Amino acid sequence: MQSKRIVKLLSLILSLCFVLTSFAVSPAFATDTASLEKKQEKIQDQIDEAEKEVEKLSSKKKETQEYIAALDKKIQLKQDKIDVLQEDANALQSEITSIESSITKTEDEIVKTQKEIDKKQAEFDKTFDEYCKRLRAMYVSGHASNLEVLLTSTDIGSILTRSQMIKSVSEQDSATLDSLMAQMEQIEKDKAELEAKINKLGKDKEKLEKDKKKLTNQISTIEASKRELDAEVAECNALIKKLSSQSSEYMEEIDENKDQLQKVEAEIQAAYARARAAASGSISGSTGSGAHSGALGYPTSYRSISAGYPNYSSGRYHGGIDFPCPTGTSVHAAASGTVILVRPLYYSYGHHIIIDHGNGLSTLYAHNSALLVSVGQHVSKGQIIARSGSTGNSTGPHCHFEVRVNGTRVNPLNYL
């Protein structure tokens with residue numbers, strides 16, 4: 001029985017010597033970008049259609065609302081494409097960061113596992129060496145059979161004593177062999193685990209290189225797309241200015257910096273949030289002006305409207321209504337309320353003011369040349385709060401007027 005165990009042990013030792021220490025890794029993190037790629041393809045199809053429309057209209061007179069509308073649509077689609085490309089690039093960057101973290105962790109685990117294997121291997125080698133020495137000593141000295149030992153006993157007491165000794169030696173050898181077998185199996189298991197980690201590391205590194213290359217290409221594509229977009233925005237804005245000079249419709253140009261637009265809107269929403277917080281802490285449930293009711297007053301003495309809500313004549317979105325008037329014209333509060341935002345800007349809304357009238361209703365006055373009130377100030381209906389102008393994103397002097405309910409733009413004509 002022992003000879004069979006020794007043969008099995010030696011076989012396992014030989015197989016252990018040929019265990020490979022190579023490497024395997026499946027990506028620890030993989031962001032599925034298939035949906036983003038499909039979205040890009042869909043937007044590109046729309047851009048191609050818009051390009052055809054622009055080319056068709058470009059053969060005609062360019063200074064037309066129709067051409068500007070077509071060009072603006074193309075610009076918006078290209079901006080959407082850039083947004084999707086940037087989203088994809090952000091996902092790639094996140095994946096790269098995750099893979100780099102996984103690689104570092106796996107490398108640490110490999111070092112730790114290798115040290116554990118080395119320690120277990122040293123313990124096994126020591127035990128196995130001692131066991132082999134014992135077997136060699138038994139072979140050289142000539143090991144007597146159990147029967148021979150018992151027959152040379154002089155009495156029943158010595159027979160029992162010698163029998164117990166033989167059994168003890170046999171059990172010790174068997175236990176040692178079992179221990180060696182268990183150690184060998186654990187070492188093989190650890191080496192298999194090490195091999196899996198090494199394979200994982202190799203695959204992670206391969207995926208990392210591919211993602212980095214893809215990200216570099218994505219960034220180049222985004223930069224090229226932005227240059228194209230900037231050129232078309234400049235063309236469109238030049239046409240808007242030219243067309244505005246020929247008509248009474250003073251339009252806002254296309255903002256090239258979306259981050260600035262988002263920042264402006266974020267400031268507006270933050271002002272509304274502060275107003276709501278103040279309202280919730282007051283007895284009247286408003287910001288100190290009482291809840292608004294009744295019609296709003298006109299913001300200027302000029303009542304003609306050059307651009308209405310929600311679109312310009314070109315079809316572009318317009319969040320309020322415009323009252324063309326000379327620079328310096330008095331701008332009046334449409335209703336009593338509390339000023340919650342006063343912001344001098346040289347882009348977007350330009351110098352603008354927001355008044356909270358209670359009941360979630362507020363008004364915005366933009367493109368002013370001068371601001372005459374401050375945040376927290378209570379104003380009465382008809383009070384002069386600013387002087388009109390053409391600051392910010394504007395092609396001519398006018399008062400841009402918005403009405404918002406709980407921060408959302410609505411048609412001002414429903415309230416005047």
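Placed above this text is the structure.
Rules behind the numbers
- Residues numbered from 1 in each chain as written.
- Predicted model: local features only at pLDDT ≥ 70, side-chain atom pairs only at ≥ 80, totals over all residues.
- Heavy atoms only, no water.
- Phe/Tyr/Trp six-rings, centres within 6.5 Å; stacked < 30°, edge-to-face > 60°.
- Helix = DSSP H or I, 4+ residues; strand = E, 2+ residues; numbered from the N terminus.
- Buried < 20%, exposed > 50% of the residue type's maximum accessible area, 1.4 Å probe, protein only.
- Pairing = 2+ DSSP bridges.
- Contact = heavy atoms within 4.5 Å.
- Polar contact = N/O pair within 3.5 Å; in protein donor to acceptor, adjacent residues only side chain to side chain.
- Salt bridge = Lys/Arg side-chain N within 4 Å of Asp/Glu carboxyl O.

A.B. asks: Explain the packing of aromatic side chains here, please?
C.D. replies: To describe a pair of aromatic rings, you give the distance between the ring centres and the angle between the ring planes. Scanning the model with the defined rule gives 2 aromatic pairs in all. The interplanar angle of 75 degrees and the centroid separation of 5.8 Å between the aromatic rings of Tyr298 and Phe323 together place this pair among those described as edge-to-face. Pair noted here: Tyr298 is in the loop between α6 (258-280) and β1 (321-324) and Phe323 is in strand β1, with a separation of 25 residues, a long-range link. The exposure class assigned to Tyr298 is partly exposed, which follows from its relative accessible area of 29%. Residue classification places Phe323 among the buried residues on the basis of a relative accessible area of 0%. Where Tyr365 meets Phe401, the ring centres are 5.5 Å apart and the plane angle is 55 degrees; that geometry is what we call tilted. With a gap of 36 residues between them, Tyr365 in strand β5 (residues 361-368) and Phe401 in strand β9 (residues 398-405) connect regions that are remote in the sequence.

A.B. asks: So what exactly am I meant to see when it comes to the sheet that holds strand β6 (residues 370-371) here?
C.D. replies: Note: strands within a sheet are paired through backbone hydrogen bonds, in either parallel or antiparallel orientation. Taken together, 3 strands build an open sheet; the order of strands is β2-β8-β6 and the sheet is antiparallel. Both outer strands of the open sheet, β2 (330-332) and β6, are each paired with one neighbouring strand and no more. Pairing analysis gives 2 bridges linking β6 to strand β8 (residues 384-387), with the strands arranged antiparallel. Its bridge partner lying in β8, Leu371 is registered against Ala386.

A.B. asks: In this structure, what is going on with the pairing of strand β4 (residues 351-358)? I would like to understand it.
C.D. replies: Both faces of the sheet carry side chains from a regular strand, because those side chains alternate between them. Summarising burial for β4: 8 of the 8 residues are buried, a large majority. Here 5 bridges tie strand β3 (residues 337-343) to β4, and the two strands are oriented antiparallel to one another. Directly across from Thr338, in β4, lies its bridge partner Asp356. For β4 and β5, the ladder comprises 6 bridges, and the chain directions are antiparallel. The partner of Ile353 across the bridge, within β5, is Tyr365.

A.B. asks: Please explain unusual backbone geometry as it appears in this structure.
C.D. replies: Peptide bonds are mostly trans, and most non-glycine residues show a negative phi. In this model, Tyr309 is joined to Pro310 through a cis peptide bond whose omega is 5 degrees. For His367, which is not glycine, the phi torsion reads 70 degrees and is therefore positive. Note on placement: His367 falls in strand β5. Overall, the relative accessible area of 0% leaves His367 in the buried class. Phi angles above zero are rare outside glycine, and Asn406 is one such case at about 55 degrees. Relative to the assigned elements, Asn406 resides in the loop between β9 and β10 (408-410). Overall, the relative accessible area of 54% leaves Asn406 in the exposed class.

A.B. asks: Sorry if this is basic, but what is going on with the environment of Thr127 here?
C.D. replies: Within the secondary structure, Thr127 sits in helix α3 (residues 65-141). Along the sequence, Thr127 and Leu177 sit 50 residues apart, while their C-alpha atoms lie 9.4 Å from each other. Sequence-distant contacts of Thr127, that is, excluding residues within four places in its chain, are made with Thr176, Leu180 and Gln183. Of note is the side chain of Thr127, whose polar atom sits 3.1 Å from the backbone oxygen of Glu123.

A.B. asks: What is the right way to read the pattern of salt bridges from this model?
C.D. replies: Any two side chains of opposite charge can pair, on the condition that their charged atoms come close. Tallying each qualifying case throughout the model produces 16 salt bridges. Among the salt bridges present, the one from Glu95 reaches Lys207, with a minimum N-O distance of 2.3 Å. Here Lys207 lies in helix α5 (residues 156-245) and Glu95 lies in helix α3, a separation of 112 residues in the sequence. Glu95 sits in the buried class, given a relative accessible area of 2%. Put simply, Lys200 and Asp204 hold a salt bridge, and the shortest N to O gap is 3.1 Å. With a gap of 4 residues between them, Lys200 and Asp204 both fall in helix α5, about one helical turn apart. When salt bridges with common partners are traced through the structure, they connect Lys74, Lys78, Glu228 and Glu232 into a single cluster.

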